[in-house]
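# Topology and contacts: notes
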Amino acid sequence: MKATETQAAADTPVPYGTARRVYYFGAGPAMLPDAVVRELQQELPDYRGIGISILEMNHRSDTFQKITEQAEADLRGLMLIPDEYAVLFLHGGAALQFAMAPLNLLGDRSSANYVNTGYWSVRAMREAERLCSVHVAADAGACGYQGIPPREQWQLDKAGAYLHYTVNETIGGVEFHWLPDPQGLPLVADMTSMILSRPVDVPRHALIYAAAQKNLGIAGLTLVIVRRDVLHDVPADTPSMLDYREHIRARSLLNTPPVFAWYVAAKMLTWLKEQGGIAAMAARNQHKAGILYELLDGSGLYRNQVERACRSWMNVPFRLAEQRLETVFLQQATAAGFVGLAGHRSVGGIRASLYNAMPEAGVHALAEFMREFERTRA
Ligand code: PMP
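Residues numbered from 1 in each chain as written. Predicted model: local features only at pLDDT ≥ 70, side-chain atom pairs only at ≥ 80, totals over all residues. Heavy atoms only, no water.

A few words now on the site of the ligand. The environment of the ligand is formed by 14 residues, the closest being A95, T170, D190, Q213 and K214. Taking A94, its main chain carries an N or O atom lying 3.1 Å from an oxygen atom of the ligand. A distance of 2.6 Å is found between a nitrogen atom of the ligand and a side-chain nitrogen or oxygen belonging to D190. For the ligand, whose free accessible area comes to 400 Å², the fraction covered by protein is 84%. Per element, the largest residue contribution to the shell around the ligand is four residues, and it comes from helix α4 (residues 93-105). Partitioned by chemical class, the residues of the shell around the ligand number five nonpolar, seven polar and two charged. (Near = heavy atom within 4 Å. Polar contact = N/O pair within 3.5 Å; in protein donor to acceptor, adjacent residues only side chain to side chain. Areas by Shrake-Rupley, 256 points an atom, 1.4 Å probe, with all protein chains shown as cover. Helix = DSSP H or I, 4+ residues; strand = E, 2+ residues; numbered from the N terminus. Nonpolar A, V, L, I, M, F, W, Y, C, P; charged D, E, K, R; others polar.)

Listed below in structure tokens is the structure:
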């Protein structure tokens, strides 16, 4: 092909409908629903006849304000968020919240309680340790992060400012299916890899945060839900971008927000409503995960060692008998259209992430591929 022809080909838009889409099992950024990607494409060159795309739009324009107001209303409706909670759409990822939580909640306390259930809890603790002393109220390290210590064994430091837990460990595949009792302390939750996947009891929490790139769209946006009354003691010299009260005052527009990511989140929330809301999603997610766990438990080749009661509905990690086989598995899976299955670089193995956007058909197809892979090796 000549250069001019190549250019012409590049200029010809490829209709989304003809693009080859695979089942993408990556842990995040993660798969979006086809319907959402299609709508993003349709609205891109010209957002609803105004002559510019969302990528070029001013964050204080009436058009964008309508999008963000709808997003907040939809989120409040879906998660049943009471009025005394502020909802913020911020930058900086969940990793910034590892610092913002203690910065805003410590007040005059010098310690905070953390539950250690794996990699992301540890990351949250390491960051908090820069600001206060961390009391580990329960530690799953002793059981190799295969479960959650029973609540009778937890020991809270009552002088601590709050209790922090990671609802779903994205790497280890360990998820809380029960609510920790903070014994009167404010409860803080990292919901990054399970937000909107099942109902959560918002009023039992003081602060919830979640990066968006799994169940709420794309990277660049972080959701914060915070009860206003826990913000009475934020030090006056806290830098404004790290101060929840400033973000609340500015309605998340303290500076230029991640406009596109916020807009994608709005689309995801509309899609979720169309799917029947969070309870409907939860039933589907439990069912999808069950398909894989049943296969793993009945297999002589694959194994998942997480205690059954703490198994994640969102991230299903598993190993094969030998590392060499895992490499072959990943190669063949990718060739068959099951992409993004490599485990986190810190642990290796395989991990299937089954966020809201993964259709049940994708999980059935993966299970069929896994059975066939096992059969051919028997
Ligand atoms: N917490 C959890 C549970 C996560 O899974 C992740 C990212 N995978 C993070 C925090 C960090 O999120 P970010 O990269 O957006 O800072």
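Side chains carrying opposite charge are able to pair once their charged atoms draw close together. A full pass over the atoms with the stated rule returns 20 salt bridges. In this structure, E39 engages K267 in a salt bridge whose closest nitrogen and oxygen atoms are separated by 2.8 Å. Of this pair, E39 sits in helix α2 (residues 34-43) while K267 is found in helix α7 (residues 259-274), placing the two residues 228 residues apart along the sequence. With relative accessibility at 33%, the residue E39 sits in the partly exposed group. One salt bridge in this structure joins R375 and E372, with 2.7 Å as the shortest N-O distance. Taken together, the residues R375 and E372, both in helix α10 (residues 360-377) and three residues apart, mark about one turn of the helix. What you see here is one network of salt bridges that share partners, running through E39, E43, R48 and K267. (Salt bridge = Lys/Arg side-chain N within 4 Å of Asp/Glu carboxyl O. Buried < 20%, exposed > 50% of the residue type's maximum accessible area, 1.4 Å probe, protein only.)

This brings us to the sheet that holds strand β14 (residues 350-353). Judged by pairing direction, the sheet is antiparallel, and its three strands sit side by side in the order β11-β12-β14 without closing on themselves. The sheet is open, and its two edges are formed by β11 (302-303) and β14, each paired on a single side. Both β11 and strand β12 (residues 315-320) contribute to a ladder of two bridges, which runs antiparallel. Counted as the bridge partner of R303 is R319 from β12. The sheet contacts of helix α9 (residues 323-335) involve β11, β12 and β14, and relative to β12 the element is tilted by about 125°. (Pairing = 2+ DSSP bridges. Contact = heavy atoms within 4.5 Å. Axes fitted to C-alpha atoms, helices over the stretch in contact; angles between N-to-C directions.)

With that settled, the discussion passes to the domain arrangement of the protein. Here the protein is partitioned into domain 1 (3-34 + 277-377) and domain 2 (47-273). Relative to domain 2, the C-alpha centre of domain 1 lies at a distance of 26 Å. Facing 33 residues of domain 1, the contacting portion of domain 2 comprises 31 residues. A buried area of about 2,600 Å², summed over both sides, lies between domain 1 and domain 2, and 61% of it is on carbon and sulfur atoms. Among the residues domain 1 hides against domain 2, the three largest losses belong to I278, C310 and N356. Together they make up 23% of the total. (Domains from an automatic or database assignment. Buried area = accessible area lost by both parts, 1.4 Å probe.)

On to helix α8 (residues 277-297). Across its 21 residues, α8 extends 30 Å between first and last C-alpha, which sits within 8% of the 30 Å expected from 1.5 Å per residue. Among all positions of α8, only G277, I278, M281, A282, N285, K288, A289, I291, L292, Y293, L295 and L296 are buried. At its buried positions, α8 is contacted by α3 (62-79), α7, β11, β12, β14 and α10. (Expected span 1.5 Å × (residues − 1).)

What follows concerns the layout of surface pockets. Taken as a whole, the largest pocket encloses approximately 440 Å³ of empty space. Along the wall of the largest pocket there are 24 residues; nearest its centre are Q146, I171, G172, P317 and V347. Elements supplying a minimum of two residues to the lining of the largest pocket: β12 and β14. In terms of residue count, β12 provides more of the lining of the largest pocket than any other element does, three residues in total. Class assignment of the residues belonging to the lining of the largest pocket gives a composition of eight nonpolar, 12 polar and four charged. Per-domain counts for the lining of the largest pocket show at least three residues from each of domain 1 (3-34 + 277-377) and domain 2 (47-273). (1 Å grid on protein atoms, 1.4 Å probe; cavity = no way out; pocket = protein on both sides within 12 Å on 5 of 7 lines; lining within 4 Å. Points joined across faces, edges and corners; volume = space filled by probe spheres on them.)

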